[in-house]
Amino acid sequence: MANMDMPVSKLAGIGKVKAAAFEKLGIHTLADLIYHFPTRYENRGVVSTLAEGRVGMMQSYILTVATEPKMARLRGSLTVVKFRAFDDSGSVEITYFNQPYMRDKFHTGETYRFYGKLTEKLGRFSLSSPIAEKYDEREALPELYAVYRLANPLNKNVLRECAKQALSICRTEITDVLPSELRAKYSLATLSFALENIHVPENLTALDRAARRLAFDELLQTALAVRLMRKKQTQSFAERMENGDISKFLNTVPFELTNAQKRAIDDIIKDMSAGEGRDAPRMSRILVGDVGCGKTVCAAAAVYMTVHNGFQALVMAPTEILASQHYNDLAPQFASLGYNVEKLTGSTTAAEKRRIKMGLENGSIDIVIGTHALIEDNVVFKSLGLAVCDEQHRFGIAQRAKLLEKSPRAHMLVMSATPIPRTLSLVLYGDLAISRIDEMPRGRQKVDTFYVNENYRERLNGFIEKQFADGGQVYVVCPAVEAQEDDADEGAVTVSVFDEGFTPPLKSAVEFAKELSERFPEASVAYIHGKMRPAEKNDIMTRFVSGEIKLLVSTTVIEVGINVPNASLMIVENAERFGLSQLHQLRGRVGRGERKSYCVLVSDSEGEIAKQRLKLMTKTNDGFVIAEEDLKMRGPGDFLGTDGARQSGAHGNYRMAALCQDASIPEAAGEAAAAILEEDPTLSSEAFAPLRKKLANAMSASETTMN
């Protein structure tokens, strides 16, 4: 057995309990561990004096122990170890709670590098439970320490040591998937160097080179996959929709379509009615448009054309909340036209699932709206003519392929409200024809956006009260679910080692909702996050839509699709933690009715890049302008997101590209993919054999994760 295939349980210090924790992370073998990339890094190499220390900021200090540690017992079995340490600029108290062994670790006169947050209480400063490393000026300590996604009882140190072990054992088996000529052309590090330095970086330069190479690999695989899929699709046929008359459907639409919507619908009709006889070239089209531009009605027109021609249609959304909203919007409209619409999600009862699956198989159900449950193997269609995939960025390439496998003669239409820069869209959507909806419907509100810090909190609370008084509702978005989560936020951009300045503590949805309930006792306050059961989330959103809940505290679970016309204020806490595309999506949750609406971005970040990005949000409401500027400032990471970084396969294998800050990488990967396929259209040559194998494994892993 190759070392790469060795179970992680064979590593030193890994027993059954820790092996089970690795299983929870999807880590079974040493190869899995090597490709379990860090989410961020602790930069302990930048040392501050105590005089330069900032309260609440993670910093390193070179300090000498001034007093012998003393241990005291608190209530029950709790203990605290205390001592003082100093540098040339001052002294500080150091405390360790429930770590009695620390009393024997430190001795007067010894020097350590302490890494932690400075705290202040009643004018006294302290470092609480800092990381301590024995310091000797003759031997340099490592500067960068990887931080990983964890599962109990694994901690950062265990994962770091296991990653080092795995690299040491597998070093000779790491085969580069890129030919040397390609690496040279794009100035890319070797795969071996990249994997070593992504886990144990020599320095910032080495880490940057490693991240760049691994990000290139991930985007190259996507670019190759979509181009190969495109080629396959152009050689296949779908059902031709002979009757392109959708006037009966348009009569049920209660508003006038924009010219951009009309153009998109014309594109769809031409695609689906092209060809001769029963055969039409398969439509593979994406509707790209800003938040609120009206993509759904274009997709509904495609659904009508499909069922009007005697075929079935499905609409797949990434969440149950969004699937339910589509169902509630579309089912009555299509029922009035004489079509049977059903909803199939993970929370659908077993009996209902059996009934719906039977109806899809015998053809009595015309349209089904749901989540990933629609692409389970036991869901069979009698005559699927169209698959609509909403919020394209939440699905992987393999999921598009899986949808088409369910019916080889179905057209494909996908939608995305995520503004994507042109260079990145060529990588992500290279298999799709693009219809861009670049007009907003008449009456769509412009949302005024403001960027403030904590000093404006009372004024902001007064503004919330004004919204309540005027009959409006308020969203408050937080990056974390629970207090003191480490890298466990839902969708917020992981702050990497390359960010500068003070990083404010995370606001959590659960804790902040309690604070707001006390501050606004007259308002009904609730919270919602992705860890809640679907039924619980649906109940809360239903009550918010109805107006029963006035203030909803949420993570980015409300980012896409949710439509609450009465919501007039969006507040985003720790706004620096989110990508600009995410912020733009969140801003789009308000201004969907007749009320004047506002978005307030709250951040105490002192990083210059963070300030520039947030100021940009106040200057424009054009998502595509925002996307291009964000790519220049931050690279492609914000568009790929940490969801993709953490869940390989389900959202695309973008674990490193989601942290990449090199804006040139997407274009380079797209250019390389085109050149490779021009030289070897099927990747059959020996030179591309490792790349072909890697691409096949990635697609297979994506399908496995998805099911």
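Residues numbered from 1 in each chain as written. Predicted model: local features only at pLDDT ≥ 70, side-chain atom pairs only at ≥ 80, totals over all residues. Heavy atoms only, no water.

Here we come to the overall build of the protein chain. A tally of helices and strands in the protein chain yields 22 helices and 24 strands. Counting only residues that meet the buried cut, the protein chain has 56% of its 707 residues in that class. A fraction of 74% describes how many contacts in the protein chain between residues 6 or more apart in sequence connect residues 24 or more apart. In the structure as shown, the protein chain presents an accessible area of about 30100 Å², 50% of it carried by carbon and sulfur atoms. (Helix = DSSP H or I, 4+ residues; strand = E, 2+ residues; numbered from the N terminus. Buried < 20%, exposed > 50% of the residue type's maximum accessible area, 1.4 Å probe, protein only. Contact = heavy atoms within 4.5 Å. Areas by Shrake-Rupley, 256 points an atom, 1.4 Å probe, with all protein chains shown as cover.)

Quick look at the packing of helix 9 (residues 295-308) against helix 10 (residues 320-335) now. At a minimum axis separation of 12 Å, helix 9 and helix 10 run at an interaxial angle of 45°. By the angle class used here, helix 9 and helix 10 are oblique. When the axes of helix 9 and helix 10 are compared, the crossing they make is right-handed. Residue-level contacts link Thr-296, Ala-300, Val-303, Tyr-304 and Val-307 of helix 9 to His-326, Leu-330 and Phe-334 of helix 10. Taken together, the residues that form the contact of helix 9 with helix 10 break down as 6 nonpolar, 2 polar and no charged. (Axes fitted to C-alpha atoms, helices over the stretch in contact; angles between N-to-C directions. Parallel < 35°, antiparallel > 145°, perpendicular 65-115°, else oblique. Left-handed = near helix turned anticlockwise from the far one by under 90°. Nonpolar A, V, L, I, M, F, W, Y, C, P; charged D, E, K, R; others polar.)

Another point: unusual backbone geometry. Looking along the chain, the bond that leaves Asn-152 and enters Pro-153 is cis, with omega of 5°. Tracing the sequence through the fold places Pro-153 in the loop between strand 9 (144-147) and helix 3 (156-170). We note that Ser-129 has phi near 50°; this positive angle belongs to a residue other than glycine. Checked against the element boundaries, Ser-129 lands in the loop between strand 7 (124-128) and strand 8 (131-134). Classification of Ser-129 by relative accessible area gives partly exposed; the value is 33%. If you check the backbone angles, Asn-574 has positive phi at about 50° while not being a glycine.

Inspection of the secondary structure puts Ile-434 in strand 18 (residues 433-437). Taking the C-alpha atoms as reference, Ile-434 lies 9.1 Å from Ala-264; in sequence the two are 170 residues apart. Setting aside anything within four residues of it in sequence, one finds Ile-434 in contact with Arg-285, Ile-286 and Val-288.

Where burial is concerned, most of strand 2 (residues 58-65) is hidden: 6 out of the 8 residues are buried. Where strand 2 meets strand 6 (residues 111-121), 7 bridges bridge the pair, whose relative direction is antiparallel. Paired with Ile-62 across the strands is Arg-113, a residue of strand 6. Examined bridge by bridge, strand 2 and strand 4 (residues 79-87) share 2 bridges and lie antiparallel to one another. (Pairing = 2+ DSSP bridges.)

Assignment of secondary structure puts Val-303 in helix 9. Classification of Val-303 as buried rests on a relative accessible area of 2%. Counting along the chain gives 11 residues from Val-303 to Leu-314, while the straight-line C-alpha distance between them is 8.0 Å. Once residues lying within four places of it in the same chain are set aside, the contact partners of Val-303 are Ala-313, Val-315, Phe-334, Ile-367, Leu-386 and Val-388.

Spatially, 14-15-13-16-17-12-18 is the arrangement adopted by the 7 strands of the open sheet, whose pairing is parallel. If you trace the sheet from one side to the other, it starts and ends with strand 14 (341-344) and strand 18, each paired once. Put simply, the sheet's adjacent strands are angled 20° from each other on average, direction ignored. Looking at chain direction, strand 13 (residues 312-316) and strand 16 (residues 384-389) are connected through 5 bridges and run parallel. Within strand 16, the residue paired with Ala-313 across the bridge is Leu-386.

Two numbers describe how helix 17 (residues 580-587) lies on helix 18 (residues 608-619): the axes approach to 11 Å, and their chain directions differ by 35°. With respect to the hand of their crossing, helix 17 and helix 18 are arranged in right-handed fashion. Note on element contacts: helix 18 touches helix 17 through Arg-613, Leu-614, Leu-616 and Met-617, opposite Leu-580, Leu-583, His-584 and Arg-587. Within the contact of helix 17 with helix 18, the residues separate by chemical class into 5 nonpolar, 1 polar and 2 charged.

One open sheet holds the 6 strands; their spatial order is 19-24-23-20-22-21, and the pairing between them is parallel. Looking along the sheet, the strands with just one partner apiece sit at the ends: strand 19 (448-452) and strand 21 (525-528). With direction set aside, neighbouring strand axes in the sheet form an average angle of 20°. Where strand 20 (residues 473-477) lies against strand 23 (residues 567-572), 5 bridges are found, and the strand directions are parallel. Considered in strand 23, the bridge of Gln-473 is made with Ala-567. Contacting strand 20, strand 22 (551-554), strand 23 and strand 24 (598-602), helix 14 (residues 457-469) runs over the sheet at an angle of about 160° to strand 23. Helix 16 (residues 534-546) contacts strand 20, strand 21 and strand 22 of the sheet and is inclined by roughly 140° relative to strand 21.

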